[in-house]
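# Residue-level structural notes
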Amino acid sequence: MALKVIQFLVLDDNYNYLLVDEDTGKSAVVDPSVALPTMRVLQENDVKLDYIFHTHHHYDHVDGNPPLLKTFPDVKVVGPKDPENRFPNISIELDEGEVFELGNTKFELMVLPGHTISHCAYYSKENKVVFCGDVLFSLGCGKIFEGSYETMYNSLQRIAGLPDDTQIYCAHEYTIDNAAFAMTVEPDNPELHARLAQAEELQDQGIPTVPSLVGEEKKANPFLRCFSDEIRTRLDAKDATDVEIFEKLRRKKDNFKA
Ligand SMILES: [Zn+2]
């Protein structure tokens, strides 16, 4: 059940992940944006690719799929059921709560709509990792393209409900930009200051700020902190519901320029 996670940056700021179940050598790449970096990482690590996992159908998460399938025709494509069949070459469609076994590593599929209607995450409880695409980012969250604010809020709450020591492997390096926005809505949160300082230090050294932990996000990510008195005061919405606060935050972020 030991899982090796090899993280690599592609395009401008996308993270792709090569997952290797260490007992069996079975492997999967999560959301290959383009094919060549995956091929290089496979070669460098002497890994044969078995699966592609998709979290959602956006181009920067699936465009590596067709060329990888051309090179490795035996690779199986895993993803959630999508009403519009937008995942190229999909061969294994999973439902909410269904378990997929990558060798001896079990991944539970969580359907988390909002960014897209069929967006999903792959959660390994034993390994304390979740691959959540563009739902929750370090100190931020994805844009809402195919759902209501409430839908997205509920999806984020499901990630927040995982154990605090779960590592969140999101799909983009956005932490510092997200922190700049978070600072405008909760500047008195010392946890947020600490996370920003840590992110700046890591980025100065060329080190990814991802993954972060569920417990850390709950303390500093404004989109998981709709209950915060400070955020509510700054939004001038003390009596709003959590979903209403979430909507205000998301709209504000949509118009935010760092
Ligand atoms: Zn996306």
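Just above sits the structure.
Summary of the structure given here. (Residues numbered from 1 in each chain as written. Predicted model: local features only at pLDDT ≥ 70, side-chain atom pairs only at ≥ 80, totals over all residues.)

### Notes on the overall build of the protein
Rule in force here: The helix count covers DSSP runs of H or I at least four residues long, the strand count covers runs of E at least two residues long, and both are numbered beginning at the N terminus. Put simply, the radius of gyration uses C-alpha atoms, and a globule should come to 2.2 Å times the residue count raised to 0.38. Exposure classification rests on a simple neighbour count of other C-beta atoms within 10 Å of a residue's own: a residue reaching 20 or more is buried, one at 12 or fewer is exposed, and one in between is partly exposed. C-beta atoms are placed from the backbone. With C-beta atoms placed from the backbone, a contact is any residue pair whose C-beta atoms sit within 7 Å.
Within the protein, the regular secondary structure consists of nine helices and 14 strands. Radius of gyration (C-alpha) of the protein: 18 Å, near the 18 Å computed for a compact globule of 258 residues. Seen along its three principal axes, the alpha-carbon backbone of the protein occupies a region of about 55 × 40 × 30 Å. Here the protein holds 258 residues, and the buried ones make up 46% of them. Here the analysis covers contacts within the protein between residues at least 6 apart in sequence; of these, 59% occur between residues at least 24 apart.

### Some remarks on the sheet that holds strand β1 (residues 3-10)
So the rule is basically this: For two strands to be treated as a pair, DSSP must find no fewer than two bridges joining them. To obtain each axis, a line is fitted to C-alpha atoms, and for helices this fit is confined to the stretch in contact; angles are then taken between N-to-C directions over 0 to 180 degrees.
The mixed open sheet is built from six strands, whose spatial order is β1-β2-β3-β4-β5-β6. Two strands bound the open sheet, and with one partner strand each, they are β1 and β6 (90-94). Strand-to-strand twist of the sheet, defined as the mean angle between neighbouring strand axes without regard to direction, takes the value 25°. Taken together, the four bridges between strand β5 (residues 76-80) and β6 define a ladder with parallel strand orientation. Bridge pairing links Gly-79 to Glu-93 in β6. Against the sheet, helix α1 (residues 36-44) touches β1, β2 (14-21) and β3 (27-30), its axis set at about 35° to β2.

### Considerations on unusual backbone geometry
The linkage connecting Val-210 with the following residue, Pro-211, adopts the cis geometry, with an omega of 5°. Relative to the helices and strands, Pro-211 is located in the loop between α6 (190-204) and β14 (212-213). Despite not being glycine, Asn-85 has its phi angle at roughly 50°, a positive value. Position of Asn-85 among the secondary structure elements: in the loop between β5 and β6. We classify Asn-85 as exposed; it has 11 C-beta atoms within 10 Å. If you check the backbone angles, Lys-128 has positive phi at about 55° while not being a glycine. Structurally, Lys-128 is set in the loop between β9 (120-124) and β10 (129-133). Assessed through the 16 C-beta atoms surrounding it within 10 Å, Lys-128 is described here as partly exposed.

### Side note on the environment of Arg-250
With respect to the helices and strands, Arg-250 occurs in helix α9 (residues 242-254). Judged by the 20 C-beta atoms lying within 10 Å of it, Arg-250 is buried. As for Arg-250 and Leu-235, which are separated by 15 residues in sequence, their C-alpha atoms are 12 Å apart. Sequence-distant contacts of Arg-250, defined by excluding residues within four places in its chain, comprise Ile-144 and Tyr-149.

### Overview of the pairing of β2
Burial analysis of β2 places eight of its eight residues in the buried class, which makes it a mostly covered element. Side chains Asn-14, Asn-16, Leu-18 and Val-20 project from β2 onto one buried face, and the interleaved Tyr-15, Tyr-17, Leu-19 and Asp-21 project onto a second face that is buried too. Here eight bridges tie β1 to β2, and the two strands are oriented antiparallel to one another. If you follow Leu-3 over to β2, its bridge partner there is Asp-21. The loop that links β1 with its antiparallel partner β2 comprises three residues; one of these, Leu-11, has a positive phi angle of about 50°. Where β2 lies against β3, four bridges are found, and the strand directions are antiparallel. What sits directly across from Leu-18, in β3, is Val-29. Between β2 and β3, which pair antiparallel and follow one another directly, the connecting turn spans five residues, one of which, Gly-25, has a positive phi of 80°.

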